[in-house]
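Coordinate inspection notes
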Amino acid sequence: MVKVKGVKIGEGAPKICVPMVGMHEEELLEEAKMIKGLPCDLVEWRADFFQQVMDLERVKITLESIRGILPELPIIFTFRNKREGGHQEITSYYYQKLNETVMEAGQVDLVDVELFSDAELVENLVKAGKRNKVALIISNHDFQKTPPVEEMTRRMLKAIDAGGDIAKIAVMPACAADVLALQEATRQMKEDYGKGPLITMAMGGLGLITRLSGETFGSALTFGAANQTSAPGQIAVKELRPIIELLHDKMKKSE
């Protein structure tokens, strides 16, 4: 279980995170104001959408403004590279500098680090997270396919072994069997390996069920859209919350 600002990721019902995808500071602050009234548990700033992400000072100023609007919500900072489905590609040097700068600024609670980054870069960011008391999500996104169950569990175990507080994997299913494979990999991680917390999902409409059934299989967090989605298959947080609560309530009653 990872606890950030009173939110316990890995305990109880899956937590709901809303991504912020504004391209400019004004758009991000409008998003933050909208999110303030939504039934979510965390917010994620997808900084790869941000047009001024190469300006570290502007990133810090924008982050401070977001925090000013959302003082209580845990914030995940994520720069997703194009190779993993993001909107920009930056050098490894700047990727490390950006994430370290954000951690040191003291405004975020979690940072998402891509598993298949350079091993030394991941190690350095894990150390920076510990220094600054920022939890790390170590993630992998496959927009082309769903790997075999054994490969998905291998990647999640690698993320945890690398120092991740939370392992995340997102895959693209081509059929129902792919969705079941993702669920089975999640179950194995939780029940057979005893590892967690985890964030797992199959993307697109075919994988929608995985965004709802996390408590059954072992995924501790799901993403819901405030307005614009950041990945295929996300649904509005206002629709997501009652489903998550219904499933949680029914599971508790059946224990």
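As annotated in an unreviewed UniProt entry, the protein carries the name 3-dehydroquinate dehydratase and is attributed to Tindallia californiensis. Entered under Function (unreviewed entry) in the UniProt record, the comment concerning the protein runs "Involved in the third step of the chorismate pathway, which leads to the biosynthesis of aromatic amino acids. Catalyzes the cis-dehydration of 3-dehydroquinate (DHQ) and introduces the first double bond of the aromatic ring to yield 3-dehydroshikimate."

Along the protein, the regular secondary structure elements total nine helices and eleven strands. In terms of overall size, the protein behaves like a compact globule, its C-alpha atoms giving a radius of gyration of 17 Å where 255 residues would be expected to give roughly 18 Å. Each of the three principal axes of the protein carries a C-alpha extent, and together these read 50 × 40 × 30 Å. With 255 residues in all, the protein has 56% of them scored as buried. A separation threshold of at least 6 residues defines the contact pool for the protein, and within that pool the share at least 24 residues apart is 73%. Surface exposure of the protein reaches about 11,100 Å², of which carbon and sulfur atoms provide 51%.

Of the volumes computed, that of the largest pocket is approximately 250 Å³. In the lining of the largest pocket, the residues fall into five nonpolar, six polar and four charged.

Looking now at the UniProt feature "binding site: 3-dehydroquinate" (unreviewed entry) in the protein. Residues annotated in UniProt with the feature "binding site: 3-dehydroquinate" (unreviewed entry) correspond here to Glu44, Trp45, Arg46, Arg80, Arg211, Ser230 and Gln234. Mapped onto the secondary structure, Arg46 falls in strand β4 (residues 42–46). What makes Arg46 buried here is its relative accessible area of 5%. A polar side-chain atom of Arg46 sits 2.8 Å from a polar atom in the side chain of Asp48. Within the secondary structure, Gln234 sits in the loop between β10 (221–225) and β11 (235–236). Classification of Gln234 as buried rests on a relative accessible area of 10%.

Counted residue by residue, strand β3 (residues 15–20) has six buried out of six residues, so it is predominantly covered. The alternating pattern of β3 places Lys15, Cys17 and Pro19 on one face and Ile16, Val18 and Met20 on the opposite face, and all of these are buried. Where β3 lies against β10, three bridges are found, and the strand directions are parallel. In the sheet register, Ile16 faces β10, and the bridge partner there is Thr222. Pairing of β3 with β4 involves four bridges; the strand directions are parallel. Bridging from a neighbouring strand, Met20 pairs with Trp45 of β4. Running through helix α1 (residues 25–35), the crossover from β3 to the neighbouring parallel element β4 is right-handed.

Cis geometry marks the peptide bond from Gly196 to Pro197; its omega dihedral reads 0 degrees. Tracing the backbone shows Pro197 in the loop between α6 (176–192) and β9 (198–202). With a phi close to 50 degrees, Lys5 is a non-glycine residue in the positive phi region. Relative to the helices and strands, Lys5 resides in the loop between β1 (2–4) and β2 (7–9).

Counting across every chain of the model gives two cavities of 30 Å³ or more. Roughly 30 Å³ of volume is contained in the second largest cavity. As for the second largest cavity, its lining consists of Asn81, Arg83, Ile90, Thr91, Ser92, Tyr95, Ser117 and Leu121. Among the residues forming the lining of the second largest cavity, the class breakdown is three nonpolar, four polar and one charged.

Time to look at the sheet that holds β3. Ordered by their spatial adjacency, nine strands build an open sheet running β9-β8-β7-β6-β5-β4-β3-β10-β11, and the pairing between neighbours is parallel. Taken across any chain shown, the strands that pair with only one partner, and hence form the sheet edges, are β9 and β11. Sheet strands touched by α6: β8 (166–171) and β9. Its angle to β9, the strand with the most contacts, is close to 170 degrees.

A complete count under the given rule lists 20 salt bridges for this structure. When the shortest N-O distance is used, the salt bridge between Asp109 and Arg67 registers 2.9 Å. With Asp109 in the loop between α3 (92–105) and β6 (110–114) and Arg67 in helix α2 (residues 56–69), the pair connects residues that are 42 residues apart, well separated along the chain. With its nearest N and O atoms 3.0 Å apart, the salt bridge here joins Arg187 to Glu191.

Calculation notes
- One numbering rule holds for all chains: residues counted from 1, following each sequence as written.
- The model is predicted, so local features are restricted to residues of pLDDT at least 70 and side-chain atom pairs to those at 80 or more, both for listing and for counting; the totals for chains, interfaces and linings are taken over all residues.
- Hydrogens and waters are ignored; side-chain quantities use all the structure's heavy atoms.
- UniProt positions are given in the numbering used here, feature names are shortened, and annotations may be inferred rather than shown by experiment.
- Strands here are runs of E lasting at least two residues and helices are runs of H or I lasting at least four, both read from the DSSP assignment and numbered beginning at the N terminus.
- The atom set for the radius of gyration is the C-alpha atoms, and the globule formula is 2.2 Å times the number of residues raised to the power 0.38.
- Any residue under 20% of the maximum accessible area for its type is buried, any over 50% is exposed, and the rest in between are partly exposed; the area is computed with a 1.4 Å probe on protein chains only.
- Note on definitions: a residue-residue contact is assigned when non-hydrogen atoms from the two residues lie within 4.5 Å.
- Areas reported here follow the Shrake-Rupley algorithm with a probe of radius 1.4 Å; residue values treat only the protein chains shown as occluding.
- Here a cavity means grid points, on a 1 Å grid over the protein atoms only, where a 1.4 Å probe fits yet cannot get out; a pocket means an open set of points with protein on both sides within 12 Å along at least five of seven lines; lining residues are those with an atom within 4 Å of a point.
- Grid points are joined across faces, edges and corners, and a volume is the space filled by probe spheres set on the points.
- Each residue is assigned to one class: nonpolar for Ala, Val, Leu, Ile, Met, Phe, Trp, Tyr, Cys and Pro, charged for Asp, Glu, Lys and Arg, and polar for all the others, Gly among them.
- Within 3.5 Å is the distance limit for a polar contact, defined as a pair of N or O atoms, with the added protein rule that one can donate a hydrogen and the other accept it, and that residues adjacent in sequence qualify only through two side-chain atoms.
- A strand pair is defined by DSSP finding two or more bridges across the two strands.
- With its strands directed away from the observer, a crossover is right-handed exactly when the path from the first strand over the helix to the second travels clockwise.
- Between N-to-C directions, angles cover 0 to 180 degrees, with each direction set by a line fitted to C-alpha atoms, over the stretch in contact for helices.
- Criterion for a salt bridge: a side-chain nitrogen of Lys or Arg within 4 Å of a carboxyl oxygen of Asp or Glu.

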